[in-house]
Amino acid sequence: MNLFSIKDITALLTRHGFNFSKSLGQNFLTEAFVCEDIVNLSGISDSDCVLEIGPGIGSLTTKIAPAAKKVVSVEIDKKLIPVLGETLADFDNVTVINEDIMKCNLKELIDKHFDGISPKVCANLPYYITSPIISFLLESRLFSSVTIMIQKEVADRICAKAGTAAYGAFTVFVQYYSDPEFLFKVSADCFIPKPKVESAVIRLNTRETPPISPKSENLFFRVVRASFAQRRKQLVNGLFSEFKSVISKEEIINILTSLGHKPTVRGEELTIQDFSDISDALFSFCN
Ligand code: SAM
């Protein structure tokens, strides 16, 4: 069986009585070269343990398995489990778990299946839940790298530079935990069924320590979210609406100007270091 032939995929799925679920983000890759490029650029070697999220019918899994020491693939759709039993039968280093990735205890999974060794993530993510999965993985700080296919628009946001339209709170969040690299674009023609959007593959090289050391991580992320909450408005208004119980508008303007910013500065103009400096200046007001 060729997992990259539309004819074979259709026959396989018909035999298993499987229907695609739009709500589970089921768009399966039909191009072997895309799967091979994802695996090559993820840097997986035969000493690596790999977590795959959403194996689908196993197209990407069949390319990860020969390159890795061990693979655990977490698939939410129980109808795909017998399909994967068939397509992955030749690989003795793959374990399929029928679960919602967001409900997995990642630490327990790693201890149980990978003897506690920090794994790499390699996946074609379900697009309806891209950002929550990325946040879940990064906040766990359990992975050495995360190579994923996602919507191109989200990839652009993650890799954006300060001062550009795509730069926002999620950019800062992801860049706090990792150094993201845009790898390549993937056309909608490479999937069955075709998604409505263009896709891209990125690699998040996770950081051992963040690029900044704010006095309070919680306060730092509160500042970042508040700074982008009213996107086209000036930063001072976003910060004031979040922190008005502890600080006046004039005091916020004083903080901004003392840090070398114009009172009219907007969130998208600031670097991660700038947000850290502002959150440190707010620290004494909040504690
Ligand atoms: N890896 C396959 C490929 O590249 O052809 C399928 C990728 S498809 C975009 C996403 C897969 O994630 C689907 O198989 C879907 O059932 C699964 N999925 C959706 N939500 C999930 C969740 N919360 N946890 C685990 N798997 C999920």
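Everything that follows concerns the structure shown earlier in this document.
Residues numbered from 1 in each chain as written. Predicted model: local features only at pLDDT ≥ 70, side-chain atom pairs only at ≥ 80, totals over all residues. Heavy atoms only, no water.

**Q** Explain the site of the ligand to me, please; I cannot follow it from the model alone.
**A** By nearness alone, 23 residues border the ligand, and Leu29, Gly54, Glu75, Asn124 and Tyr128 come closest of all. A distance of 2.8 Å is found between an oxygen atom of the ligand and a backbone nitrogen or oxygen belonging to leucine 29. Note that a nitrogen atom of the ligand is positioned 3.4 Å from one of the backbone N or O atoms of proline 55. Contributions of two or more residues to the shell around the ligand are made by strand E1 (28-29) and strand E3 (70-75). (Near = heavy atom within 4 Å. Polar contact = N/O pair within 3.5 Å; in protein donor to acceptor, adjacent residues only side chain to side chain. Helix = DSSP H or I, 4+ residues; strand = E, 2+ residues; numbered from the N terminus.)

**Q** Hey, could you run me through helix H8 (residues 169-177) in this one?
**A** What sets the pattern is the α-helix's 3.6 residues per turn: residues three or four places apart point alike. Counting buried residues in H8 gives eight out of nine residues, a clear majority hidden from the surface. Residues Phe170, Thr171, Val172, Phe173, Val174, Gln175, Tyr176 and Tyr177 constitute the buried set of H8. Those residues of H8 hidden inside the fold are in contact with helix H6 (130-140), helix H7 (152-158), strand E7 (178-186), strand E9 (199-206), helix H9 (217-229) and helix H12 (272-286). (Buried < 20%, exposed > 50% of the residue type's maximum accessible area, 1.4 Å probe, protein only. Contact = heavy atoms within 4.5 Å.)

**Q** Before we go on, may I ask you to explain the nonpolar core in this structure?
**A** A general tendency of soluble globular proteins is for nonpolar side chains to be buried together. Grouped together as the largest cluster of nonpolar side chains are 61 residues, with contacts concentrated most on Leu51, Ile148 and Ile158. Element by element, the count of residues in this core is highest for H9, at seven residues. Here this core spans two domains, since at least three of its residues come from each of domain 1 (6-206) and domain 2 (217-286). In this structure, Leu3, Ile64, Ala68 and Leu88 belong to the second largest nonpolar core, which totals 34 residues. (Core = buried A, V, L, I, M, F, W, Y, C linked by side-chain atoms within 4.5 Å. Domains from an automatic or database assignment.)

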